[in-house]
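# Chain and residue survey
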Amino acid sequence: MGLQKRRPCGAAADINELEYISALHQTGKDELREDGSIQTCDIVAFLMSRHGIEVTEEEVLDKIIGTFGQRTVDSRSDIDLIQLLALLLIPLLSKAKQSLDQAQQASNTIRRQSGTCLHRQKGDSRWPDADIIESVLRMMLHDATGDATLRPLTKELIRQILRFYGEGEASNNEQLLDEMVLAVTPDSITDIEGEPILLDQHSFAHGLTHDVQHYNIDFENSMTTNFHDVFSDEQKGDVKEGNSVKTVRTLSCIDYTADTFRSKSYVVILWVAWILTYFSYLQSQNVLTMAKLQCDEFEFGCTLAQGILNWLVIMFQLSVLGSIFIIAASAGNVKNANPFLMVVGICATLIFIVLPFFLELSVGVVSTKKSREGINPVLYHLSVICGFILLIDPVMNIFQRLLPEKSSFLMFVQKHMDNTRLEAAVKRAASFKMNRLVRNACDVHKAAELDGGIGQGLETRYGIAMLAFAKASDQKEELMNFRQTWKRIWNRELFEDEGIWLTTHVLAGNLAQVTVCVLLATLFAIVYSSELFQQGLDHLDKLVPGYSQRWRLLVPLFFGISCGQLTIISIISKYIPSSINTILLFRSGGFETLKGNSFLKLRYAVDNSSLLFGSIFWGTFYTSVIVGFFFMILLGILMWPDFAQIVGVLFANIIGIGLTVMLKWIVLRGYRRVTQQGYYRKNVVLSNVVNIILESWNLALGIGYMLIRGLYFILAATMFIGRVDVPFLSQDACFVGPIELDSFPLIFRKDLLSHDAHRHPYIERLGVMYMLKLRHNDFGSRAGTHWRLLFIYALLPWMRKYRRNDESLVISEFKFAANRMWTGRMPVESEQSFESSKQEAGVPSELEMLRAENNNLRMLLFGHGKRSHLTSSCPPAPSVSGVPINLQKSVNTA
């Protein structure tokens, strides 16, 4: 039940998270595209589900994929994962350019030749390092040209860089090359016959961001929604520029998948109020009497008919009356709600919750006649208290609109109840996470340099960074424990940095668990103060004259109820940390996502998440009651005089077994030190004799071991009835044939993933980019996209495997990292003569050799694929045992 687990960290975890958002974003039913690409249907579905934007696949293909992805003649027009990352980097690059513009005249102390990323902040960790653009530029120039020195920008230079990074098709596109040259020119275009501009950090920054000026950096710090950031003037009916989009009504007030309603607190209290109201007035004895058939209740036919009728009544009460109440009461829980809808919500709360407390009537399957017995009075009061709390939010909103001056108190309360505050935190988290991704990549390059990867200037940063990434890809960190999780919740780090979005089902279930705790405590107080219970205590006192015996009942009773309440408190406190750690494991690669078959099961029947609220409520109730009764009966038996002899014999045997096991442990501890070394035996004869002795001895000890094991299983199973957030049964024990014994942990994860598919910081940022492109035709360009791709190739070369190029791609001049890693760089003349000699000797084609080299590199770095012999495109190099000298240290460390 502990929360301590390990998860990947660093650059590898960042790549896993990109794969994770691709797995969430894809909408295929039977399989996931393991290359991480996103197609038109995925974007159309996301925009509708998250923002209610209705757009056609043709529009998405023409505007979004046509600009940021690749359009092909087949059905594979898409945005691959590296292009998605290019979209996500737009805000960070815009900030970096702003820093460069503001500090253009300031002296720069960056070590220009090293290319090392120095961590510099502007205000907080959401601002990129000041030197990031220059560092990446020098990496790119060093890899493509062999020299990190800044040089004039020409089409040939761009062509050379594109070909080095495998963009052969783009390198042969003259129009694209012209656009990329123009993109880096901040002010004016240099005369064709004059000197070309210098490709420095300023011109490079302009090329990276010239086409995304419609993105406003202030979006991240505004207390607004993403939709408002893009379409704020359209919402006011004042479209000054750009296109409008078609939106549809989505009943956001009851959207429990994307949580697009205004106040999450209101929804949580609303559901708890409904369950209290149901047990108060819809499950009362009066209602059960009205639904009773007039027949012989001991006949099977009558019993069957009565059972069917009872469940039909329950279905009507919950499905019809419950839906009417929830929808009506939620009508005003939308952003900028019409006052009329707020009045509808107030009326629904008054009619269904408040007025039944003060009125007594019976209508059909509803009865508000009060019963003063048992726990009913407590239910009535808790229900009406929740009703009055629900009235606070819409009433405050109405008063806020009517008051001539805004009340600071009302604005403070509304701010902390509004989901906009949570959405703003997700926007800031996207900046934090993307900045962390870039810094982790810089750390990989720095580690490669410190390991001696850059020696004589012969190796590419591309290659040594790949080796350093392979070395660091196994790094893991401990997940947050219980205390650390609650601490980061309290100081809001998990919301501001990680962008955690707690689901409504979990929060409502948590509050319902608190209600269970209160109701059980109240029920115990009612039972204790009842006349029948007091008579039982008096009877116990008379069993032994002169001695009070009531303690024999009171002590087990108090102990049982205490254990039950502590169980509820333990479950309540673990649900939210468990949800957070589950999400973090999915994001960092602790669980399979894009490349795992098990993730496909989590995409089916997502609507089953509607089971969670009731399951959390009743599971907690059952767990508390069973645990309480178990410990109460156990302690009662131990304290009852009639069982004293049996208990004495039992304790004697337990003590005997315990002492025997302790003796066995002491002896074996010394024996193992002397005779065992791993799986091998130092003294084979002694080991064999001891094994025979233990085999015989354990025939008797096995009785106690299996009895204790059975008790452990029963107790653990009881404790996990209320824990639908974590699996109790293993994958091997969870299935009996095709039947899954415990599907609730799977449903719980579906709910978490469904919310993350709408609210993950990266997906929210992608949504902003999609909407900006739909709004502004000039947002984004092919030239800007390719400059950002080059930025990623240089900084994150391990992302190269996600690039989906056309099979007809011309790559004759492209040298992948394997070439340059093994041999350094050859002079042009030697390279040309080497190519000629290969053709004369009948060496396999360039494409075949390139594929073989790529396969070899993947095998070297990741252990995948089969080593090929087609490596003749790599010139021979001095080596020891088959490993080039200049790579021995890097290979050994990796």
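Quick caveat: nothing in here was measured; it's all calculated off a predicted structure. (Residues numbered from 1 in each chain as written. Predicted model: local features only at pLDDT ≥ 70, side-chain atom pairs only at ≥ 80, totals over all residues. Heavy atoms only, no water.)

Attention shifts here to the overall build of the chain. Helix and strand counts for the chain stand at 35 helices and 16 strands. With 894 residues in all, the chain has 48% of them scored as buried. Taken as a whole, the chain presents about 43700 Å² of accessible surface, with 61% of it coming from carbon and sulfur. (Helix = DSSP H or I, 4+ residues; strand = E, 2+ residues; numbered from the N terminus. Buried < 20%, exposed > 50% of the residue type's maximum accessible area, 1.4 Å probe, protein only. Areas by Shrake-Rupley, 256 points an atom, 1.4 Å probe, with all protein chains shown as cover.)

Think of a pair of aromatic rings as described by two things: how far the centres are apart, and how the planes are tilted against each other in angle. Inspection of every chain in the model, using the stated rule, returns 35 aromatic pairs. Taking 5.1 Å as the distance between ring centres and 85° as the angle between the ring planes, the aromatic pair formed by Phe617 and Trp618 counts as edge-to-face. According to the relative accessible area criterion, Phe617 is buried, its value standing at 5%. A relative accessible area of 33% means that Trp618 is categorised as partly exposed. Aromatic rings pair up to connect Trp274, Tyr278, Phe279, Phe325, Phe352, Phe617, Trp618, Phe621 and Tyr622 into one cluster. (Phe/Tyr/Trp six-rings, centres within 6.5 Å; stacked < 30°, edge-to-face > 60°.)

Confidence in the prediction of the chain, expressed as mean pLDDT, is 80, and 81% of residues score 70 or more. Of all secondary-structure elements in the chain, the lowest mean pLDDT belongs to helix α32 (residues 817-823), at 35, while helix α30 (residues 761-775) reaches the highest, 95. Residue range residues 188-193 is modelled with pLDDT below 50. Its contacts to residues more than four positions away, or to other chains, number four contacts. Counting contacts from residues 860-894, a segment whose pLDDT is below 50, to residues more than four positions away or on other chains yields 66 contacts. (pLDDT = per-residue confidence, 0-100. Contact = heavy atoms within 4.5 Å.)

Let us look at helix α1 (residues 10-25). With 16 residues, α1 ought to run about 22 Å at 1.5 Å a step, and its terminal C-alpha atoms sit 23 Å apart, in line with that. Burial of α1 is extensive: 14 of the 16 residues sit out of reach of the surface. (Expected span 1.5 Å × (residues − 1).)

Here we take up the pattern of salt bridges. Note on pairing: side chains with opposite charge can pair once their charged atoms come close. The full count for this structure, using the stated rule, is 36 salt bridges. The partner of Asp756 in a salt bridge is Arg587, with the nearest N and O atoms 2.9 Å apart. Here Asp756, found in helix α29 (residues 744-759), pairs with Arg587, found in helix α24 (residues 551-588); they are 169 residues apart in sequence, far enough to count as distant. In this structure, Asp756 and Arg587 share a single accessibility class: buried. Taking the shortest distance from any N to any O, the salt bridge between Arg723 and Asp725 comes out at 2.8 Å. A residue is classified by how much of its surface remains accessible, and Arg723, at 3% relative accessible area, is buried. (Salt bridge = Lys/Arg side-chain N within 4 Å of Asp/Glu carboxyl O.)

As a further point, take the side chain of Arg587. On the basis of relative accessible area, Arg587 is assigned to the buried category, the value being 2%. Excluding its chain neighbours within four sequence positions, the residues that come into contact with Arg587 are Ala13, Asn16, Glu17, Tyr20, Lys433, Glu498, Gly499, Ile500, Asp756, His760 and Pro761.

Note that Thr368 resides in the loop between β9 (366-367) and α16 (376-402). Taking the C-alpha atoms as reference points, Thr368 and Leu282, separated by 86 residues in sequence, lie 8.2 Å from one another. Among all residues touching Thr368, those that are not within four sequence positions of it are Tyr281, Pro356, Leu359, Glu360 and Leu361.

Here we come to unusual backbone geometry. For Asp259, which is not glycine, the phi dihedral falls at a positive 55°. The class for Asp259 is buried, based on a relative accessible area of 0%. In this structure, Arg492 is a non-glycine residue whose phi angle is positive, near 65°. As for its placement among the helices and strands, Arg492 is situated in the loop between α20 (482-490) and α21 (493-496). With a relative accessible area of 18%, Arg492 lands in the buried category.

Axis separation between helix α3 (residues 57-68) and helix α31 (residues 782-795) bottoms out at 8 Å; the angle between their running directions is 40°. Taken together, the axes of α3 and α31 are oblique relative to one another. Residues Gly66, Thr67 and Phe68 of α3 touch α31, and the partners they reach there are Arg782, Thr785 and Arg788. The residue inventory of the contact of α3 with α31, partitioned by class, reads one nonpolar, three polar and two charged. (Axes fitted to C-alpha atoms, helices over the stretch in contact; angles between N-to-C directions. Parallel < 35°, antiparallel > 145°, perpendicular 65-115°, else oblique. Nonpolar A, V, L, I, M, F, W, Y, C, P; charged D, E, K, R; others polar.)

So, about helix α28 (residues 684-719). Given a rise of 1.5 Å per residue, 36 residues ought to cover 52 Å, yet the end C-alpha atoms of α28 are separated by just 45 Å, more than 12% below that figure. Among all positions of α28, only Ser687, Val690, Leu694, Leu701, Gly704, Thr718 and Met719 are buried. Check the buried side of α28 and you find it contacts α24, α26 (612-639), α27 (644-675) and β12 (680-681). In this structure Asn683 caps α28, since a side-chain oxygen of it lies 3.4 Å from the backbone nitrogen of Val685. (Polar contact = N/O pair within 3.5 Å; in protein donor to acceptor, adjacent residues only side chain to side chain.)

What follows concerns the nonpolar core. Of all hydrophobic cores here, the largest spans 130 residues; its most connected members are Trp787, Trp798 and Met799. Contacts of Trp798, omitting those with residues within four sequence positions, involve Ala11, Ile15, Ala441, Val444, Ala465, Met466 and Phe469. In this structure, Tyr256, Leu321, Phe325 and Ile572 belong to the second largest nonpolar core, which totals 34 residues. (Core = buried A, V, L, I, M, F, W, Y, C linked by side-chain atoms within 4.5 Å.)

The subject of this paragraph is the environment of Val426. With respect to the helices and strands, Val426 occurs in helix α18 (residues 419-450). According to the relative accessible area criterion, Val426 is buried, its value standing at 1%. Not counting the four nearest positions on each side in its chain, Val426 is found in contact with Phe495, Gly499, Trp501, Arg759, His760, Pro761 and Glu764.

Taken together, the side chains of Phe630, Leu634, Leu638, Leu650, Phe651, Ile654, Ile655, Leu659 and Leu715 define a hydrophobic patch exposed on the protein surface, amounting to about 800 Å² of accessible area. Going through the elements one at a time, α26 and α27 are the ones with two or more residues in the nonpolar patch. Here the element with the most residues in the nonpolar patch is α27; it accounts for five residues. Relative to the elements of secondary structure, Ile655 occurs in helix α27. (Patch = residues over 30% accessible without salt bridge, like charges linked within 9 Å, V, L, I, M, F, W, Y side chains within 5 Å.)

In this fold, Thr522 is placed in helix α22 (residues 504-529). Judged by relative accessible area, Thr522 falls into the buried class, the value being 18%.

Moving on: the packing of α1 against α18. For the pair α1 and α18, the least separation of the axes is 8 Å and the interaxial angle reads 135°. One way to sum up the angle between α1 and α18 is to call them oblique. Here the hand of the crossing between α1 and α18 comes out left-handed. Across the interface between the two elements, Gly10, Ala11, Asp14, Glu17 and Leu18 of α1 pack against Lys433, Arg436, Leu437, Asn440 and Val444 of α18. (Left-handed = near helix turned anticlockwise from the far one by under 90°.)

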